[in-house]
Amino acid sequence: MLLRARPLLARAVEALLPCACELCGAVQGRPVCAGCERDLLPDLPRCRGCALRLPRHGPEQDPGRHRCAGCRAAPADFDAAVALGDYVAPADTLVLGLKYGGRLALADWMASRLAASLRQRPEHRVPGAPQLVAAVPLGSARLAERGFNQSWEIARRLARRLRLPAHATVLTRARETRSQTALAPAGRERNVAGAFAVAPWANLDGAHVLLVDDVMTTGATLSAAALALKRAGAARVTALVALRTPAPWQRPGP
Ligand SMILES: [Zn+2]
Ligand SMILES: [Zn+2]
């Protein structure tokens, strides 16, 4: 039934360019099949400040503002955040496939999903504000090793879909940082504090910057990057990530 309802042209293109779903292996025309999208990345209520999943009904949810207790107590330096899903198995395969497998079709898919999320959420639009898309930069050693910045690969495709300018080097690393992976939350903040700089040629006065990263864990990296953008004149920063690491109390126990 679903197949019959799909536009003929889209079906023809998919038939010509088959690929396997990254999550279930089904051979069809997209890097993530519609069934996996629906089942593994459901559209759940998320904190508008940091994209943590919110309970559907519970004390955490403030119906007026939809912000989690953490954001209400200590908001990050970005103003809003959007995530497609949680950074948990098996959805984490999507980020790992892009980052370590170089499967750029996943960046395209993430960009299209993020663009759709933004279009559904008009509160992210700032009337009259110039908008641009930036990506969290990699350190030069990691960029040389990987050969590409997965966040920029998502960001530039997102910009194309939203018809916005994007600059790969508007945000740069002012210094090398350690990998955040093994650090506790306080250590993560210290590790990235002052780590980002805005290119001197960039004019961000009053701009709304869409800041892209592949994963948000504690939000420390995105917050430090947002602070650099705001110090350079940006009026608003919206963080856009493919996946969001759940808070410790949201992760399943051992
Ligand atoms: Zn699938
Ligand atoms: Zn929050």
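Residues numbered from 1 in each chain as written. Chains lettered and ligands numbered in written order. Predicted model: local features only at pLDDT ≥ 70, side-chain atom pairs only at ≥ 80, totals over all residues. Heavy atoms only, no water.

Draft legend 1. Inspection of the packing of helix 6 (residues 104–120) against helix 8 (residues 150–162) at higher detail. Taken N-terminus to C-terminus, the directions of helix 6 and helix 8 make an angle of 50°; their axes are 8 Å apart at the nearest point. Considered as vectors, helix 6 and helix 8 are oriented oblique to each other. With respect to the hand of their crossing, helix 6 and helix 8 are arranged in right-handed fashion. Between helix 6 and helix 8, the residues in contact are Leu104, Ala107, Asp108, Met110, Ala111, Ser112, Leu114, Ala115, Leu118 and Arg119 and Glu153, Ile154, Arg157, Leu158, Arg160, Arg161 and Leu162, respectively. Residues of the contact of helix 6 with helix 8, tallied by class, amount to 10 nonpolar, one polar and six charged. (Axes fitted to C-alpha atoms, helices over the stretch in contact; angles between N-to-C directions. Helix = DSSP H or I, 4+ residues; strand = E, 2+ residues; numbered from the N terminus. Parallel < 35°, antiparallel > 145°, perpendicular 65-115°, else oblique. Left-handed = near helix turned anticlockwise from the far one by under 90°. Contact = heavy atoms within 4.5 Å. Nonpolar A, V, L, I, M, F, W, Y, C, P; charged D, E, K, R; others polar.)

Draft legend 2. Structural view of the coordination of the zinc ion (ligand 1). Around the zinc ion (ligand 1), the protein supplies Cys21 (SG), Cys24 (SG), Cys33 (SG) and Cys36 (SG) as donor atoms, at distances of 2.3 to 2.4 Å. One can describe the site at the zinc ion (ligand 1) as tetrahedral: its four donor atoms subtend angles covering 105 to 116° at the metal. Every donor residue of the zinc ion (ligand 1) comes from the same chain, spaced as C-x2-C-x8-C-x2-C. Residue Cys21 is found in the loop between strand 1 (19–20) and strand 2 (27–28), and its partner Cys36 is found in helix 3 (residues 34–40); the two are separated by 15 residues along the sequence. Under the relative-accessibility criterion, Cys21 is labelled buried at 3%. (Donors = N, O, S within 2.8 Å, 3.2 Å for Na, K, Ca; no water. Tetrahedral: all angles 85-135°; square planar, octahedral: opposite > 155°, others 65-115°. Buried < 20%, exposed > 50% of the residue type's maximum accessible area, 1.4 Å probe, protein only.)

Draft legend 3. Representation of unusual backbone geometry within the structure. In this structure, the amide linkage connecting Ala89 to the following residue, Pro90, adopts the cis form with an omega of 0°. Its identity is not glycine, yet Ala51 carries a phi of approximately 70°, on the positive side. One can find Ala51 in the loop between helix 3 and helix 4 (69–73). Residue Ala51 is classed as buried on the basis of its relative accessible area of 0%. Although it is not a glycine, Arg163 adopts a positive phi angle of roughly 55°. Following the sequence through the fold, Arg163 ends up in the loop between helix 8 and strand 5 (171–173).

Draft legend 4. Layout of the environment of Leu84. Within the secondary structure layout, Leu84 lies in strand 3 (residues 80–86). If we skip the residues at most four places from it in the chain, Leu84 touches Leu41, Trp109, Met110, Arg113, Leu114, Ser117, Val241 and Ala242.

Draft legend 5. Representation of the side chain of Asp92 within the structure. Topologically, Asp92 is positioned in helix 5 (residues 92–99). One buried charge, Asp92, has no salt-bridge partner; the nearest side chain with opposite charge is Arg103, at 11 Å. Those residues in contact with Asp92 that lie beyond four places of it in its chain are Tyr87 and Leu243. (Lys, Arg positive; Asp, Glu negative; His and termini not counted. Salt bridge = Lys/Arg side-chain N within 4 Å of Asp/Glu carboxyl O.)

Draft legend 6. Representation of the environment of Val198. Examined against the element boundaries, Val198 turns out to sit in strand 6 (residues 196–198). Linking Val198 and Thr169, residues 29 residues apart in sequence, is a C-alpha distance of 8.2 Å. Those residues within four positions of Val198 in sequence are excluded, and the remaining contacts are Val170, Leu171, Leu204, Ala228, Leu229 and Ala232.

Draft legend 7. Just the nonpolar core, in detail. The biggest cluster of nonpolar side chains holds 35 residues, and the ones touching the most others in it are Leu94, Met110, Val133, Ile154, Leu158 and Leu240. Among the elements that make up this core, the one with the highest residue count is helix 6 (eight residues). When we break this core down by domain, the ones giving at least three residues each are domain 1 (1–40) and domain 2 (48–250). Excluding residues within four positions of it along the chain, Val133 makes contact with Ala155, Leu158, Ala159, Leu164, Pro165, Ala166, His167, Leu210 and Val212. If you look at the next biggest cluster of nonpolar residues, it comprises 30 residues, including Ala195, Met216, Ala224 and Leu229. (Core = buried A, V, L, I, M, F, W, Y, C linked by side-chain atoms within 4.5 Å. Domains from an automatic or database assignment.)

Draft legend 8. Up close: the coordination of the zinc ion (ligand 2). Within the protein, the zinc ion (ligand 2) binds to Cys47 (SG), Cys50 (SG), Cys68 (SG) and Cys71 (SG); these donor distances fall in the range 2.3 to 2.4 Å. Every donor counted, the four donor atoms about the zinc ion (ligand 2) form angles of 103 to 114° at the centre, which fits tetrahedral coordination.

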